[in-house]
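Residue-level structural notes
So you can see what is in the structure, the chains are spelled out below.
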Amino acid sequence: QVQLVESGGGLVQAGGSLRLSCESSRSIFTANAMGWYRQPPGKQRELVALIGASGTTSYGDSVKGRFTISRDNARNTVYLQMNSLKPEDTAVYYCNSVFRGGSIYWGQGTQVTVSS
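Residues numbered from 1 in each chain as written. Predicted model: local features only at pLDDT ≥ 70, side-chain atom pairs only at ≥ 80, totals over all residues. Heavy atoms only, no water.

1. Re the overall build of the protein
The secondary structure content of the protein amounts to 0 helices and 11 strands. Beginning at the N terminus, the succession of helices and strands in the protein can be written as β-β-β-β-β-β-β-β-β-β-β. Over its C-alpha atoms the protein spans a radius of gyration of 13 Å, differing by no more than 12% from the 13 Å that the globule rule assigns to 116 residues. When the backbone C-alpha atoms are referred to their principal axes, the protein occupies close to 40 × 25 × 25 Å. Each of the 116 residues in the protein was classed as buried or not, and the buried ones make up 42%. Considering only contacts in the protein between residues 6 or more positions apart, those separated by 24 or more positions represent 55%. Here the protein has roughly 5900 Å² of accessible surface; of this, 46% comes from carbon and sulfur atoms. Side-chain charges in the protein split into 11 positive and 7 negative, and the spacing between the mean points of these groups amounts to 4 Å. (Helix = DSSP H or I, 4+ residues; strand = E, 2+ residues; numbered from the N terminus. Rg over C-alpha atoms; globule rule 2.2 N^0.38 Å. Buried < 20%, exposed > 50% of the residue type's maximum accessible area, 1.4 Å probe, protein only. Contact = heavy atoms within 4.5 Å. Areas by Shrake-Rupley, 256 points an atom, 1.4 Å probe, with all protein chains shown as cover. Lys, Arg positive; Asp, Glu negative; His and termini not counted. Charge placed at Lys NZ, Arg CZ, Asp CG, Glu CD.)

Structural data, given as structure tokens:
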């Protein structure tokens, strides 16, 4: 079993920045992909950003140009740098991993609240 522990969420004013971290109990060097998803209040979970084993990235349309995903294999940690935050970014943010063999794991989530 793999544990993913998110941190870095909180309350921030619109226009501000936050950096989320996701530390894995298993080496992420063996992960095919790591990602961040979010679930706004009353809505479905949606993709925020993905990073592949080779470092290739992809982003949801609503965060392109504002959010940056990165990974530090030595620390088994994935980051999400969030800039120019908007009230509509308010959500619970979840870390996700897909390891070789297809095993999928989720973190417990961290709340991000952006005030107007």
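2. Considering the packing of aromatic side chains
Under the definition given, this model contains 2 aromatic pairs. Ring centres of Y37 and W106 lie 5.1 Å apart, and the angle between their planes is 65°; on these two criteria the pair is classed as edge-to-face. Separated by 69 residues along the polypeptide, Y37 in strand β4 (residues 31-39) and W106 in strand β10 (residues 104-106) bring together distant segments of the chain. With a centroid separation of 6.0 Å and 70° between ring planes, the pair formed by F99 and Y105 is classed as edge-to-face. We note that F99, like Y105, is buried. Its guanidinium or amino end placed over the ring of Y94, R45 lies 3.8 Å from that ring's centre, counting from NZ or CZ. Looking at R45, its charged tip hangs above the ring of W106, at a distance of 4.6 Å from the centre. (Phe/Tyr/Trp six-rings, centres within 6.5 Å; stacked < 30°, edge-to-face > 60°. Lys NZ or Arg CZ within 6 Å of the ring centre and 35° of its normal.)

3. Thoughts on the side chain of R66
Looking at the secondary structure, you find R66 in the loop between β6 (57-59) and β7 (67-72). In this structure the side chain of R66 is engaged in a polar contact, spanning 2.9 Å, whose partner is the backbone oxygen of S84. In this structure R66 touches Q81, M82, N83, S84, L85, K86 and D89, once residues within four positions along its chain are discounted. (Polar contact = N/O pair within 3.5 Å; in protein donor to acceptor, adjacent residues only side chain to side chain.)

4. Things to note about the sheet that holds strand β3 (residues 18-24)
Consider a sheet: its strands pair through backbone hydrogen bonds, and that pairing is either parallel or antiparallel. Reading across from one edge, β1-β3-β8-β7 is the order of the 4 strands in this open sheet, with antiparallel pairing throughout. The open sheet terminates on both sides in strands that have one partner only, identified here as β1 (4-7) and β7. In this sheet, neighbouring strand axes are inclined to one another by 15° on average, regardless of whether the strands run parallel or antiparallel. (Pairing = 2+ DSSP bridges. Axes fitted to C-alpha atoms, helices over the stretch in contact; angles between N-to-C directions.)

5. Details of the environment of V48
By secondary structure assignment, the location of V48 is in strand β5 (residues 46-52). Here V48 falls in the buried class, since its relative accessible area comes to 0%. Dropping the residues within four chain positions of it, V48 is found in contact with W36, Y37, R38, S58, Y59, G60, V63, F67, L80 and Y93.

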